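An overview of the molecular structure
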Amino acid sequence: QVQLVESGGGLVQPGGSLRLSCAASGNIFSINAMGWYRQAPGKQRELVAGITSGSSTNYPDSVKGRFAISRDNAKNTVYLQMNSLKPEDTAVYYCNADVTHISRYRTTYWGQGTQVTVSS
């Protein structure tokens, strides 16, 4: 079993910044792709940033140039730096990890979510 623990959410004014962290622990041989998703009330969960094991990244147009995803493989941790935040960025943010276990079984895990609220 693997646990993903997120931190760093909170309340920020428009134009402000936040940095989210997500640490994975447990039965891990390697972590493949990782990502951050968000879900606003009444909306579907959407990808906001993805990063491969080789640190290639991808972003939707809505956050490109404002958000940056990175990872520390030694710490099994993924980060999301969010700048120039807008009220429409308000949502619960979830991290996601594609994990290969020591047994070589591979599956995907989700964090519990962290609230990000952008408001004056």
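Our subject is the structure that appears above.
The residue numbers shown here count from 1 along each chain, following its written sequence. In view of the model being predicted, local features appear only for residues whose pLDDT reaches at least 70, and side-chain atom pairs are presented and counted only at 80 or more, with totals across whole chains, interfaces and linings using the full set of residues. Calculation of side-chain values draws on the structure's entire complement of heavy atoms; hydrogens and water are dropped beforehand.

**Points about the state of the cysteines**
The criterion for a disulfide is a pair of cysteine sulfur atoms lying within 2.5 Å. Overall, the coordinates contain one disulfide when judged by the stated rule. Two residues share a disulfide in this structure: Cys 22 and Cys 95, whose sulfurs sit 1.9 Å from each other. Here Cys 95 lies in strand E9 (residues 91-100) and Cys 22 lies in strand E3 (residues 18-26), a separation of 73 residues in the sequence. When accessible area is computed with a 1.4 Å probe and restricted to protein chains, residues below 20% of their type maximum are described as buried, those above 50% as exposed, and intermediate ones as partly exposed. With a relative accessible area of 1%, Cys 22 lands in the buried category. Secondary structure counts use DSSP, requiring at least four H or I residues in a row for a helix and at least two E residues in a row for a strand, with both numbered from the N terminus.

**Some details on the pairing of strand E11 (residues 114-118)**
Here E11 shows one buried face, formed by Thr 114, Val 116 and Val 118, and one open face, formed by Gln 115 and Thr 117. With three bridges joining them, strand E2 (residues 10-12) and E11 adopt parallel strand pairing. Pairing of Val 12 across the sheet is with Val 118, part of E11. Note on pairing: DSSP must find at least two bridges between two strands before they are called paired. Bridge count between E9 and E11: three bridges; the pairing is antiparallel. Of the residues in E11, the one forming a bridge with Ala 91 is Val 116.

**A closer look at the sheet that holds strand E1 (residues 2-7)**
Within a sheet, each strand pairs with its neighbour through backbone hydrogen bonds, oriented either parallel or antiparallel. Read from one edge to the other, the open sheet built from four strands follows the order E1-E3-E8-E7, with strand pairing classed as antiparallel. Lying at the two open borders of the sheet, with one neighbouring strand each, are E1 and strand E7 (67-72). Averaged over neighbouring strand pairs, the angle between their axes works out to 15° when direction is ignored. In terms of strand pairing, E3 meets strand E8 (residues 77-82) through six bridges, oriented antiparallel. Its bridge partner lying in E8, Cys 22 is registered against Val 78. Note on geometry: axes are lines fitted to C-alpha atoms, helical ones only across the stretch in contact, with angles between N-to-C directions running from 0 to 180 degrees.

**Some words on the pattern of salt bridges**
Salt bridges are defined as contacts in which a side-chain nitrogen from Lys or Arg sits within 4 Å of a carboxyl oxygen from Asp or Glu. Inspection of the entire model under this criterion finds five salt bridges. For Arg 38, the salt bridge identified is with Glu 46, shortest N-O distance 2.7 Å. Arg 38 gets classed as buried once you look at its relative accessible area, which sits at 7%. The class for Glu 46 is partly exposed, based on a relative accessible area of 35%. Of the charged contacts in the structure, one is a salt bridge between Asp 89 and Arg 38, with a shortest N-O distance of 2.9 Å. Note that Asp 89 is positioned in the loop between E8 and E9 and Arg 38 in strand E4 (residues 30-39), a separation of 51 residues in sequence.

**What about the environment of Arg 66?**
Tracing the sequence through the fold places Arg 66 in the loop between strand E6 (57-58) and E7. In the structure, Arg 66 is positioned 53 residues away from Gln 13 in sequence and 15 Å away in space, judged by C-alpha atoms. In this structure, Arg 66 is in contact with Gln 81, Met 82, Asn 83, Ser 84, Leu 85, Lys 86 and Asp 89, ignoring residues within four places of it in sequence. Two residues form a contact once any of their heavy atoms are found within 4.5 Å.

Read these as spatial facts, not as claims about activity.
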